[in-house]
Amino acid sequence: MEQDQLFERLWNGTAAMEEWTQAVSDGAVTSVSENIISVHTTYLCGSVTVIRTAAGLVCVDTAKPDTAAKTLAAIRRWDNSSIHTVIYTHGHVDHTSGIKVIDQEADTRGIPRPRVIAHRNVLRRLSRYEATHGFNSIVQGQQFNYPDYVYPIGQRRPDEIYDDTLSLAIGGERIELFHGRGETDDATFVWLPERRVLASGDFVIWMFPNVGNPRKVQRYAADWAAALRQMQALRPDVLIPGHGPVVFGRERAAQMLSDGAEVLECLVRQTLELMNKGSALDAILHAVSAPRELLAKPYLLPKYDDPEFVVRGIWHLYAGWFDGNPAHLKPAPSAELAGEIGALAGGAAVLADRAKALAEAGRTRLAAHLIELASTASPASADIQTVRAKVYAQCAAAETSLIGKAIFEVYRRDAKARSST
Ligand SMILES: [Zn+2]
């Protein structure tokens, strides 16, 4: 299958993913082979791959509440037969929550709802989302700047679960499921051996891997790399990423998988080397870096997650929460510390002035420390909040990642609401 022009520009880095989102927003169907399509509605929603079999359709993922109906309509323009099986590649909402729309359609038609298959840990994840519903709604809302966001819970649980691998034969099609850990601990990638088609789930997302997210549960950089190597060894002719357009051609698929693995392997290797020598987290964070040439690849740009967050995640996986600074083991309340430092400096306003100067000089990391001390030492000062809002605007501007920008933006808004202007 020929790649279209927009794809070529995405591949060579001259088009942004936003342009692709615009192009697919009505529900775009990519024909993968005669019996396989992939449906896209926006970069921000997981792709839905559909396999036509003699027993009915098999869907890999389901989209999310605001895109599921459009996705199903696109599927129906291609094939009107019943949906036999749904595979969740993992338990994130943009992959699972469209099941409601699929089930409703089955109910309307008076036919059985499809069977849902997923990795065992999807069950645990769906329960965890219920236990942490308030928190999860807050952090998701902050990350994507959706005010008053409520995380959708109550998705239908899988009917069948598996642990390591699962071989399915549905209506004459062989479908192999492999479990790996990466962004999540419940992930599946789907391999169609007779078609040499791979649906990677979110192991491939046309961006630097989202494996360091600061406000989410533990993620798995080394395992993610291993899963990508396993996929590379399958030598797919077509790679259907969890997000973004389908990649045709064995060479391109291999390159995308290999580059993704390499950037993660490199971060893990450097971090472990320093940990094994006894370095503290602070030293590691400022010493480890991802190869520039890999981060410059159009499909590995750190626009969502940040390699520095990944280093923290690797540390956390092997070392727990203690960062090697003894003052952080049993810290004083931050208000006491800020009060002491403010008094030593000659007042919280002095700290704020210095924070402002540092931020203006581009030293935003240091500026953030000082303005937070100033704000904590003198929380009622509207003038300090005015500076704080400005400092965090500069911090946000200095970030490349959506997550980094979003978190600074949360505190900028807080400061703005408490400020004198
Ligand atoms: Zn996703």
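Located above this text is the structure these notes cover.
Summary of the structure given here. Since the structure is predicted, the reported quantities are computational estimates derived from the model, not experimental observations. By convention here, each chain's residues receive numbers from 1 onward along its written sequence. Local features are withheld for residues below a pLDDT of 70 in this predicted model, meaning they are given only at 70 or higher, and side-chain atom pairs are given and counted only at 80 or more; totals for whole chains, interfaces and linings count all residues. Neither water nor hydrogens contribute to the side-chain values; these are computed over all heavy atoms in the structure.

Some points on the sheet that holds strand β4 (residues 56-60)
Two modes of strand pairing occur in sheets, parallel and antiparallel, and in both the strands are linked by backbone hydrogen bonds. Should DSSP find at least two bridges between two strands, the strands are taken to pair. Secondary structure follows DSSP: runs of H or I at least 4 residues long count as helices, runs of E at least 2 residues long count as strands, and numbering of each begins at the N terminus. Taken together, 7 strands build an open sheet; the order of strands is β1-β2-β3-β4-β5-β6-β7 and the sheet is mixed. Each edge of the sheet is formed by a strand with only one pairing partner; in this case those strands are β1 (28-33) and β7 (160-162). On average, each strand axis in the sheet is tilted by 20° relative to the strand beside it, whichever way the strands run. Direction of pairing for β4 relative to strand β5 (residues 83-87): parallel, over a ladder of 4 bridges. The residue bridging V60 from the neighbouring strand is I87, located in β5. Angular values range over 0 to 180 degrees, each being the angle between N-to-C directions of two axes fitted as lines to C-alpha atoms, with helices fitted over their stretch in contact.

Structural notes on the pairing of strand β6 (residues 115-119)
Note on classification: 1.4 Å probe, protein chains only; a residue is buried when its accessible area is under 20% of the maximum for its type, exposed when over 50%, partly exposed between these limits. Among the 5 residues in β6, 4 count as buried, and that is most of the element. Sheet topology note: the β5/β6 ladder contains 3 bridges and is parallel. Pairing of T85 across the sheet is with R115, part of β6. Bridge count between β6 and β7: 3 bridges; the pairing is parallel. Bridge assignment links I117 to a residue of β7, and that residue is E160.

Focus on empty space enclosed by the protein
Cavities and pockets were defined on a 1 Å grid built from protein atoms only: a cavity is a group of points that admits a 1.4 Å probe but offers it no way out, a pocket is an open group of points flanked by protein on both sides within 12 Å along at least five of seven lines, and a lining residue is one with an atom within 4 Å of any such point. Grid points are joined across faces, edges and corners, and a volume is the space filled by probe spheres set on the points. This structure, assessed with the given rule, holds 6 cavities of 30 Å³ or more. Its volume calculated, the largest cavity comes out at about 90 Å³. Considering the residues around the largest cavity, the lining is formed by 13 residues, among which F203, V204, M207, G260 and L300 are closest to the centre. Elements with a minimum of two residues in the lining of the largest cavity: α8 (221-234) and α9 (250-276). No other element matches the 3 residues that α9 contributes to the lining of the largest cavity. Per-class residue counts for the lining of the largest cavity are 12 nonpolar, 1 polar and no charged. Charged residues are taken to be Asp, Glu, Lys and Arg, nonpolar residues to be Ala, Val, Leu, Ile, Met, Phe, Trp, Tyr, Cys and Pro, and polar residues to be all remaining types, Gly included.

Quick word on the coordination of the zinc ion
Donor selection uses N, O and S atoms within 2.8 Å of the metal (3.2 Å for Na, K and Ca). Since no water is included, sites may look incomplete. Only D94 (OD), H95 (NE2), D202 (OD) and H243 (NE2) from the protein reach the zinc ion as donors, at distances of 2.1 to 2.6 Å. In this scheme the shape depends on donor count and angles: four donors with every angle between 85 and 135 degrees give tetrahedral, four or six donors with opposite pairs above 155 degrees and others between 65 and 115 give square planar or octahedral in turn, and any other case is irregular. Geometry at the zinc ion is irregular, judged from its 4 donor atoms and the angles of 81 to 172° they form at the metal. Between the donor residues of the zinc ion, the gaps in sequence give the motif D-H-x106-D-x40-H. Of the two residues, H95 is situated in helix α4 (residues 93-96) and D202 in the loop between β11 (197-201) and α8; the sequence distance between them amounts to 107 residues. You'll find H95 and D202 in the same group, each marked buried.

Regarding the packing of α8 against α9
Helices that pack against each other are described as a pair by the angle of their axes relative to one another and the distance between those axes. In contact at an axis separation of 8 Å, α8 and α9 are set at 155° when each is read in the N-to-C sense. Our classification of the angle between α8 and α9 gives roughly antiparallel. Note on packing geometry: the crossing formed by α8 with α9 is left-handed. On α9, the residues that touch A221, A222, W224, A225, L228, R229, M231 and Q232 of α8 are A254, L257, S258, G260, A261, E262, L264, E265 and V268. Per-class residue counts for the contact of α8 with α9 are 11 nonpolar, 3 polar and 3 charged. We call two directions roughly parallel when the angle between them is under 35 degrees, roughly antiparallel when it is over 145, roughly perpendicular when it lies between 65 and 115, and oblique otherwise. What makes a crossing left-handed is the near helix being turned counterclockwise from the far one by less than a right angle; a clockwise turn instead makes it right-handed. Contact definition: two residues touch when any of their heavy atoms are within 4.5 Å.

Quick notes on the packing of aromatic side chains
Pairing of aromatic rings covers Phe, Tyr and Trp, the last through its six-membered ring, and needs centres within 6.5 Å; plane angles under 30 degrees mean stacked, over 60 mean edge-to-face, and all others mean tilted. Applying the stated criterion to the full structure yields 15 aromatic pairs. When the centroid spacing of 6.0 Å and the interplanar angle of 15° are considered together, the rings of F7 and W11 count as stacked. Of this pair, F7 and W11 are both found in helix α1 (residues 5-11), 4 residues apart, which corresponds to roughly one turn of the helix. According to the relative accessible area criterion, F7 is buried, its value standing at 3%. On the basis of relative accessibility, which here comes to 12%, the residue W11 falls in the buried class. Measuring from ring centre to ring centre gives 5.6 Å for F7 and W206, while their planes differ by 85°; the resulting arrangement is edge-to-face. Linking F7 in helix α1 with W206 in the loop between β11 and α8, this pair joins segments that are 199 residues apart in sequence.

Quick word on helix α7 (residues 133-144)
The span you would expect from a helix comes to 1.5 Å times its residue count less one. Taking 1.5 Å of rise per residue, 12 residues should cover 16 Å, and α7 covers 17 Å from first to last C-alpha, within 8% of that figure. Packing partners of the buried residues in α7 comprise α6 (121-131) and α17 (402-417). Two residues or fewer after α7 comes N145, characterised by a positive phi angle close to 55°.

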